[in-house]
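# Observations on the three-dimensional arrangement
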2 protein chains.
Amino acid sequence: MDGATPLTTDALTRLTTMLEPELHATNRAIVARMDSPVALIPQLAAHLVAAGGKRLRPLLTLAAARLCGYAGTRQIALAACVEFIHTATLLHDDVVDESVLRRGDASANAVFGNKAAVLVGDFLFARAFQLMVDDGSLEVLRILSAAAATIAEGEVLQLTTQNDLATTEDKYFDVIRGKTAALFAAACEVGAVIADQPPERCAALARFGLDLGMAFQLVDDALDYSADQLELGKTVGDDFREGKLTYPVLLAVAAADAPERAFWERTIGESAQTEEDLGTALALMRKYGATERSLARAGGFVESACAALAVFPPSQMREALMDVARYTTARRF
Amino acid sequence: MDGATPLTTDALTRLTTMLEPELHATNRAIVARMDSPVALIPQLAAHLVAAGGKRLRPLLTLAAARLCGYAGTRQIALAACVEFIHTATLLHDDVVDESVLRRGDASANAVFGNKAAVLVGDFLFARAFQLMVDDGSLEVLRILSAAAATIAEGEVLQLTTQNDLATTEDKYFDVIRGKTAALFAAACEVGAVIADQPPERCAALARFGLDLGMAFQLVDDALDYSADQLELGKTVGDDFREGKLTYPVLLAVAAADAPERAFWERTIGESAQTEEDLGTALALMRKYGATERSLARAGGFVESACAALAVFPPSQMREALMDVARYTTARRF
């Protein structure tokens, strides 16, 4: 099956299909547990969480549990819990300061206001912990509370690197490890923990999730500067406008000649951008092959992710998870 | 001791003195556990959490544990945890929308920006859960995760009642029960839980905390319209400017004649305020005795709080806690 599998969206579709009953149950749990007598909470949460989306993180919990031969139902509530934590961070990540341009699309924050988004995020976060307490495993609580702290650290670190052209590659990897990969890792690990797997299998799934998350964010950051995206009708340049020091920017800055360096200092360092600047940025990314090099770097993490699963015997689920990892660097949206 | 005790700040000072060693240890735990390799986190958190303040909520945990004869040290980390949750809600409560005036003082949000405040709040919240996981009691986790969800519900409910003159007294009490009293209740209850007290004593301390919290918030809301505060150099009218439907406003609106009703509809309902409006609002509060009636209502909760402690035999700590409750309605700042 391995290298011959077509690296299309089919990989995620196939995983979703394999886990359909559990995913349905997870969606039901999500809707049931985001309810509250305070009507604005389900109303605003529905804007994000009930809308659906790929449910990638909860799928990882479900898949990990299945891979480990888990036969119970605890993965359902924990998958919902993982999605709640993810949604809470999305709501909080969208908080804008007065100086920052709002995104073009109608984010929950633009529609309901920063404050409502923050407080509903807090509710989902608290509810996630209630779900874990109901589950009753201190080990699961340990993993996910540590992940939550790491996510916040990653987000704050990202904030401090914003507009800072001196940001190192190490710091960039610290940021994405925190803000993205930590939850991928925890989502996978809890699936193994509830299946009472030995430490090396729990660690292997955590490693798989961590590397998958790193690859996922690298690709995400590359796509934000990819002209192909424009052809697909997707937004490009959000990170550029926000002055985020993502991997493509690090590459372009490192390779820059003097005028290019001045360009990055003005547009990213000082947030002084004009209409034409995004076009220039995309051209510079093309010039230095930033997208290809980002994808290559992501490919390294994908390899490491797949290697981590070698402790498991071959199975449909193991191959499906590896394919999802491989698909990460092939996705174009 | 009872009614004869002078109802001054002495009550809180006395409690603090009685718990000095534990409080010092709690402060050390707070500073140690809010640390992070991401420098902005301790930096911003210090702005609020290390600055000190009354530490009322952690004191309640320490006091409850002592009242229950607890001889261990678990209350220290849990008191720090309670303070972290409180600080996180302060940071998130200060998030402003573009339409809302920033407060005059340099809140953490004004200095560091909304987004940093939100993310550091998230970190403290996650860290609070890590402290609980380290403690290892699922019952403590259950109590504090439920409190966290209830706080968020109370805050969201408050947001939906803002500027809404049709807000009922019941809804107001729901708001303050959530946003304030729930954490007071949980702070007290966990002190009893770690001391392995029977359910009726745990419930009694939860009830004491809940009623104390209700009284505390009622007094807080009354002081925001109290001209005495101006003489003390304190800020008055924050709630008025934000269009919050607090108890004094409910009283004044219920008693309003037609021109007064129009005044409240314009200033609170439509947030259309001029320089002179706060003076008018304070005069209307005086006219209807809003402060006195708020304090009287708070007094009812204080009575109920003290009555709850009747299940405990008389002791210095029991009297000290009752005095703190009684002092609530006497405080002028």
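Predicted, not measured: the structure shown is a model, and the values here were computed from it. (Residues numbered from 1 in each chain as written. Chains lettered and ligands numbered in written order. Predicted model: local features only at pLDDT ≥ 70, side-chain atom pairs only at ≥ 80, totals over all residues. Heavy atoms only, no water.)

## Description of the interface of chain A and chain B
- Taken together, the contacts link 41 residues of chain A with 41 residues of chain B.
- For the chain A and chain B pair, buried surface summed over both sides reaches about 3900 Å², with 71% attributable to carbon and sulfur atoms.
- The tally of links between chain A and chain B comes to 2 salt bridges.
- Where B:Lys115 meets A:Asp93, a salt bridge forms, and the shortest distance between an N and an O atom there is 3.5 Å.
- Counting across the chain A and chain B interface gives 6 residue pairs in polar contact (both at pLDDT 80 or more).
- Elements supplying a minimum of two residues to the side of chain A that touches chain B: helix H3 (40–50), helix H5 (74–93), helix H7 (114–135) and helix H8 (138–161) of chain A.
- Examining the composition of the side of chain A that touches chain B, we find that 14 residues originate from one element, H8(A), more than from any other.
- Here the residues of the side of chain A that touches chain B are counted per class, giving 24 nonpolar, 8 polar and 9 charged. (Contact = heavy atoms within 4.5 Å. Buried area = accessible area lost by both parts, 1.4 Å probe. Salt bridge = Lys/Arg side-chain N within 4 Å of Asp/Glu carboxyl O. Polar contact = N/O pair within 3.5 Å; in protein donor to acceptor, adjacent residues only side chain to side chain. Helix = DSSP H or I, 4+ residues; strand = E, 2+ residues; numbered from the N terminus. Nonpolar A, V, L, I, M, F, W, Y, C, P; charged D, E, K, R; others polar.)

## Points about the environment of A:Gly69
- Within the element layout of this structure, A:Gly69 appears in the loop between helix H4 (56–67) and H5.
- Separated by 127 residues in the primary sequence, A:Gly69 and A:Asp196 place their C-alpha atoms 9.9 Å from one another.

## Quick look at the packing of H7(A) against helix H7 (residues 114–135) of chain B
- Between H7(A) and H7(B), the least distance of the axes is 12 Å, while the angle of their chain directions is 15 degrees. Here H7(B) runs roughly parallel to H7(A), going by the angle between their axes. H7(B) is crossed by H7(A), and the crossing has right-handed handedness. Contact residues: H7(A) offers A:Asn114, A:Val118, A:Asp122, A:Phe125, A:Ala126 and A:Phe129, while H7(B) offers B:Asn114, B:Val118, B:Asp122, B:Phe125, B:Ala126 and B:Phe129. (Axes fitted to C-alpha atoms, helices over the stretch in contact; angles between N-to-C directions. Parallel < 35°, antiparallel > 145°, perpendicular 65-115°, else oblique. Left-handed = near helix turned anticlockwise from the far one by under 90°.)

## Let's talk about the relation of the copies chain A and chain B
- Least-squares fitting of chain A to chain B yields an RMSD of 0.0 Å, with the transformation described by 0.0 Å of translation along the axis and a rotation of 180 degrees. Here the two chains are linked by the operation of a two-fold rotation axis.
- Of all interface residues in chain A, 100% are interface residues in chain B too; the two copies therefore contact each other through one and the same surface. (Least-squares fit on C-alpha atoms with pLDDT ≥ 70 in both.)

## Things to note about the nonpolar core
- If you look at the biggest cluster of nonpolar residues, it comprises 243 residues, and the most contacted ones within it are A:Trp264 and B:Trp264.
- In this structure B:Trp264 touches B:Leu165, B:Phe240, B:Ala252, B:Val253, B:Ala256, B:Gly269, B:Ala281, B:Leu284 and B:Met285, once residues within four positions along its chain are discounted. (Core = buried A, V, L, I, M, F, W, Y, C linked by side-chain atoms within 4.5 Å. Buried < 20%, exposed > 50% of the residue type's maximum accessible area, 1.4 Å probe, protein only.)

## Quick look at the packing of aromatic side chains
- Considering all chains together, one arrives at 22 aromatic pairs over all chains under this definition.
- On the numbers, 5.3 Å between centres and 90 degrees between planes, the contact of B:Phe125 with B:Phe129 is edge-to-face. Within this pair, B:Phe125 and its partner B:Phe129 are both found in helix H7, separated by 4 residues, close to a single helical turn.
- Judged by its relative accessible area of 6%, B:Phe125 falls in the buried class.
- Of the residues examined, B:Phe129 reaches a relative accessible area of 0% and is grouped as buried.
- The rings of A:Phe125, A:Phe129, B:Phe125 and B:Phe129 are connected pair by pair, giving a single aromatic cluster. (Phe/Tyr/Trp six-rings, centres within 6.5 Å; stacked < 30°, edge-to-face > 60°.)

## Details of helix H9 (residues 169–194) of chain A
All names here are of chain A.
- Its 26 residues give H9 an end-to-end C-alpha distance of 36 Å, which sits within 8% of 38 Å, the value for a rise of 1.5 Å per residue.
- In the structure, H9 departs most strongly from a straight axis at Ala181, where the bend amounts to approximately 50 degrees.
- Of all 26 residues in H9, 21 are buried, a share of seventy percent or more.
- Positive phi appears at Asp196, one or two residues downstream of H9, with a value of about 55 degrees. (Expected span 1.5 Å × (residues − 1). Bend = angle between axes of the 7 residues up to and from the residue.)

## Examining unusual backbone geometry
Residue and element names in this part refer to chain A.
- Within the chain, Arg55 stands out as a residue other than glycine whose phi angle is a positive 55 degrees.
- Its location among the elements puts Arg55 in the loop between H3 and H4.
- What makes Arg55 buried here is its relative accessible area of 6%.

## Let's talk about the side chain of A:Glu153
- Take A:Glu153: it is sitting in helix H8.
- Look at A:Glu153: it is buried, it has no salt bridge, and the nearest opposite charge is B:Arg127 at 4.6 Å.
- For A:Glu153, the side chain forms a polar contact with the side chain of B:Ser36, separated by 2.6 Å.
- Residues within four places of A:Glu153 in sequence aside, it is in contact with B:Ser36, B:Pro37, B:Val38, B:Ile41 and B:Phe123. (Lys, Arg positive; Asp, Glu negative; His and termini not counted.)

## Details of the pattern of salt bridges
- Counted under the stated rule, the structure contains 36 salt bridges over all chains.
- We note a salt bridge from B:Asp238 to B:Arg241, for which the minimum N-O separation is 3.1 Å. Of this pair, B:Asp238 and B:Arg241 both sit in helix H12 (residues 238–242), 3 residues apart, which is roughly one turn of that helix.
- Take B:Asp238: its relative accessible area is 21%, and that puts it in the partly exposed class.
- What you see here is one network of salt bridges that share partners, running through A:Arg14, A:Asp323 and A:Arg326.

## Section: the state of the cysteines
- Applying the stated criterion across every chain yields a total of 0 disulfides over all chains.
- The structure places no disulfide on A:Cys306, whose sulfur is separated from the nearest cysteine sulfur, that of A:Cys188, by 12 Å.
- Among the residues examined, A:Cys306 registers a relative accessible area of 9% and is labelled buried.
- We note that B:Cys188 lacks a disulfide partner, and the nearest cysteine sulfur, in B:Cys68, lies 9.7 Å from it. (Disulfide = S-S within 2.5 Å.)

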